[in-house]
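Given next are the chains, with one letter for each unit.
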Amino acid sequence: MAHLRPPRNWINDPNGLVFHDGHYHVCYQYNPSGATHANMHWGHFHSPDLLTWEPLPIALSPNPDGVDADGCFSGNAVSDGDRLVAFYSAHREDRSFQHQPVTCAISHDGGNSFRPRGELLIPELPEGCTMYRDPYVWQDGDGWRMLVGAALSDGRAAALLYDSPDLENWTYRGPFAARRPEPIGGIDLFTGEGWECPQYLPAADGPGALFFSTWTEPTGPQRVAALIGEDHDGHFKAGSAVLVDHGPDCYAPALLRAPGKRWLLWGWSWEARDEVWAVADGWAGVLTLPREIHVDDDGTLRQQPATELLALRGEHTIHAEGATHGPQPVDLGSVGRAFDLTARLEPTGNAGLRLLTTPDGLEYLDIRVDTDAGELVVDRDHASLDPRARDGSYRMPCPSGQPVDLRVVVDHSIVEIFLITTGQVLTLRCYPTGQGPWRLEARSAPGTRLGFAVDAWELHPLVIKEPSTGTAEPAPTSP
């Protein structure tokens, strides 16, 4: 598998993303004893190159008698000299599920072990918080700043701002940004009653971005949005919210400040199948590919797979150029259950690609351009013959009247579709029952034509090393 996850059990939010002493560190919410959301620890990998990963010992574990007795929930980490400092949400059932105050733990050995603070770092919540969790800390000049996700009693969702000279003493400065629920980018999704996992990409030469995961009672987690704007004395001034991922299966993304002024982002892709199925398989959840992310000069958010992932390309299995003529599909060739594809599509109407995953063609995933609506449509209504898998079609804006450039990475049950033309992305899960070989087709509606140039490569898995400490776990099964 080319996507990061432990070999078994439940994972959710990426946490503690930091570059320290020559390594990328990726932690994640982890239940070491089952494939359900419970017993939250921080699992931990590190890598010198985003391609070869080594599992490290579990970074954070709940203390049954401590401030985090019922879970070490989400947060982040910073590199401060020779130490790593992890900030996280301390969960206790007797406190309140919605109130998870901030604590921390420190590592002096490159993340092999962390010493918990043992008491709350910020013991008092600001007045009027009905939800409080998920710290995000970053260096700002000679000092440090922190955002905490919140919902406020006046009906606004918020990212609350603190600052500190030393990572130890924190002063509350008020809401960095706060909004009542409003539509995201003019579509039928809203910014939520509370914000989880706030992340901040500071401005370089142009605008910066505030990311948040939208949360609403009673459904809980929804989608990922961002505000694009500028920090004015501790208040983030921004326009309307935009979607960070247009798919249904990406949540709680986290940022990593990489060398060379590059920012990387990982998200959690949850399961889109029946929980009983996931528990029977012994695992649930996977992290997305690492994505290079930036705000363009025109204020748009742009994402693409990290450049290093090109090294995972293996055999060049498809190279096809041509055009459809009428409704007869064009066979482009076969692919395996994990592949990396690029496509340039030039449609005159509704047209696109179909991934057929059973020999009879009854199971398939469609990726097509709706030129009338100006959208790219990803349709998984027929993507699994197993009724326990979720269906639905999802859309992202796609300019009409010009070629459409795509990068599609399929890794068994996770599909990430990058619209290179605009820098947008759509993540979804699907669970084909067909064991292969899978086939690709170019298809167009009657009376339309599709010009295409498609290349596909076998996708090699990440290298997961044997742990240098502790007991080695078996290689992960495919997602």
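Residues numbered from 1 in each chain as written. Predicted model: local features only at pLDDT ≥ 70, side-chain atom pairs only at ≥ 80, totals over all residues. Heavy atoms only, no water.

Structural notes on the overall build of the chain
- Along the backbone of the chain there are one helix and 36 strands.
- Since a compact globule built from 479 residues should have a radius of gyration of about 23 Å, the 22 Å found for the chain is in line with a globular shape.
- C-alpha atoms of the chain, sized along the principal axes, occupy 70 × 50 × 40 Å.
- Relative to its 479 residues, the chain shows a buried fraction of 58%.
- Sequence separation of at least 24 residues holds for 56% of the intrachain contacts in the chain that already meet a minimum separation of 6.
- Within the structure as shown, the chain displays about 18600 Å² of accessible surface, and the carbon and sulfur contribution to it stands at 49%.
- Separation between the mean location of the 36 positive side-chain charges and that of the 65 negative ones in the chain comes to 2 Å. (Helix = DSSP H or I, 4+ residues; strand = E, 2+ residues; numbered from the N terminus. Rg over C-alpha atoms; globule rule 2.2 N^0.38 Å. Buried < 20%, exposed > 50% of the residue type's maximum accessible area, 1.4 Å probe, protein only. Contact = heavy atoms within 4.5 Å. Areas by Shrake-Rupley, 256 points an atom, 1.4 Å probe, with all protein chains shown as cover. Lys, Arg positive; Asp, Glu negative; His and termini not counted. Charge placed at Lys NZ, Arg CZ, Asp CG, Glu CD.)

Focus on the pattern of salt bridges
- Under the defined criterion, the tally for this structure stands at 28 salt bridges.
- Note that Asp-245 and Arg-291 form a salt bridge whose closest N and O atoms lie 3.1 Å from each other. With a gap of 46 residues between them, Asp-245 in the loop between strand E17 (242-243) and strand E18 (251-258) and Arg-291 in strand E22 (residues 291-295) connect regions that are remote in the sequence.
- The partner of Glu-271 in a salt bridge is Arg-429, with the nearest N and O atoms 3.0 Å apart. Of this pair, Glu-271 sits in the loop between strand E19 (262-269) and helix H1 (275-281) while Arg-429 sits in strand E33 (residues 424-429), and the two are 158 residues apart along the sequence.
- Residue Glu-271 is classed as buried on the basis of its relative accessible area, which comes to 10%.
- One salt-bridge network, held together by shared partners, links Glu-271, Arg-273, Asp-281 and Arg-429. (Salt bridge = Lys/Arg side-chain N within 4 Å of Asp/Glu carboxyl O.)

Considerations on the sheet that holds strand E36 (residues 463-464)
- The sheet built from six strands is open, its strands ordered E20-E1-E2-E3-E4-E36 with mixed pairing. Each edge of the sheet is formed by a strand with only one pairing partner; in this case those strands are strand E20 (283-284) and E36.
- Relative to strand E3 (residues 41-47), strand E2 (residues 23-31) runs antiparallel, the two sharing seven bridges. By the bridge assignment, Tyr-30 is partnered in E3 with His-41. (Pairing = 2+ DSSP bridges.)

A short note on empty space enclosed by the protein
- What the rule picks out here adds up to five cavities of 30 Å³ or more.
- When its volume is computed, the largest cavity comes out at roughly 80 Å³.
- Residue lining of the largest cavity: Phe-339, Leu-341, Leu-353, Arg-354, Leu-355, Leu-365, Ile-367, Val-408, Val-410 and Leu-440, and that is the complete set.
- Contributing elements (two or more residues each) for the lining of the largest cavity: strand E26 (338-347), strand E27 (351-356), strand E28 (364-370) and strand E31 (404-411).
- The leading source of residues in the lining of the largest cavity is E27, at three residues.
- In the lining of the largest cavity, the residues fall into nine nonpolar, no polar and one charged.
- Taken as a whole, the second largest cavity encloses approximately 60 Å³ of empty space.
- As for the second largest cavity, its lining consists of Ala-2, His-3, Leu-4, Leu-50, Trp-53, Trp-266, Thr-288, Leu-289, Pro-290, Leu-309 and Leu-462.
- The class makeup of the residues in the lining of the second largest cavity is nine nonpolar, two polar and no charged. (1 Å grid on protein atoms, 1.4 Å probe; cavity = no way out; pocket = protein on both sides within 12 Å on 5 of 7 lines; lining within 4 Å. Points joined across faces, edges and corners; volume = space filled by probe spheres on them. Nonpolar A, V, L, I, M, F, W, Y, C, P; charged D, E, K, R; others polar.)

What about the layout of surface pockets?
- Space inside the largest pocket adds up to approximately 650 Å³.
- What lines the largest pocket is a set of 31 residues, among which Trp-10, Asn-12, His-37, Pro-221 and Trp-268 lie closest to the centre.
- Where the lining of the largest pocket is concerned, the elements lending two or more residues are strand E1 (9-20), strand E5 (72-80), strand E9 (129-140), strand E13 (194-201), strand E15 (220-232) and H1.
- At four residues, E1 tops the list of elements feeding residues into the lining of the largest pocket.
- Residues that form the lining of the largest pocket fall into these classes: 13 nonpolar, nine polar and nine charged.
- Estimates place the volume of the second largest pocket at around 530 Å³.

Let's talk about the nonpolar core
- Residues Leu-210, Phe-211 and Leu-301 are the most contacted members of the largest nonpolar core, which totals 44 residues.
- By size, the runner-up hydrophobic cluster in this structure holds 37 residues, among which are Val-378, Cys-398, Val-408 and Leu-440. (Core = buried A, V, L, I, M, F, W, Y, C linked by side-chain atoms within 4.5 Å.)

Remarks on the side chain of His-20
- With respect to the element layout, His-20 can be found in strand E1.
- Since its relative accessible area comes to 6%, His-20 is described here as buried.
- Dropping the residues within four chain positions of it, His-20 is found in contact with His-25, Ser-79, Gly-81, Asp-82, Arg-83, Leu-84 and Gly-110.

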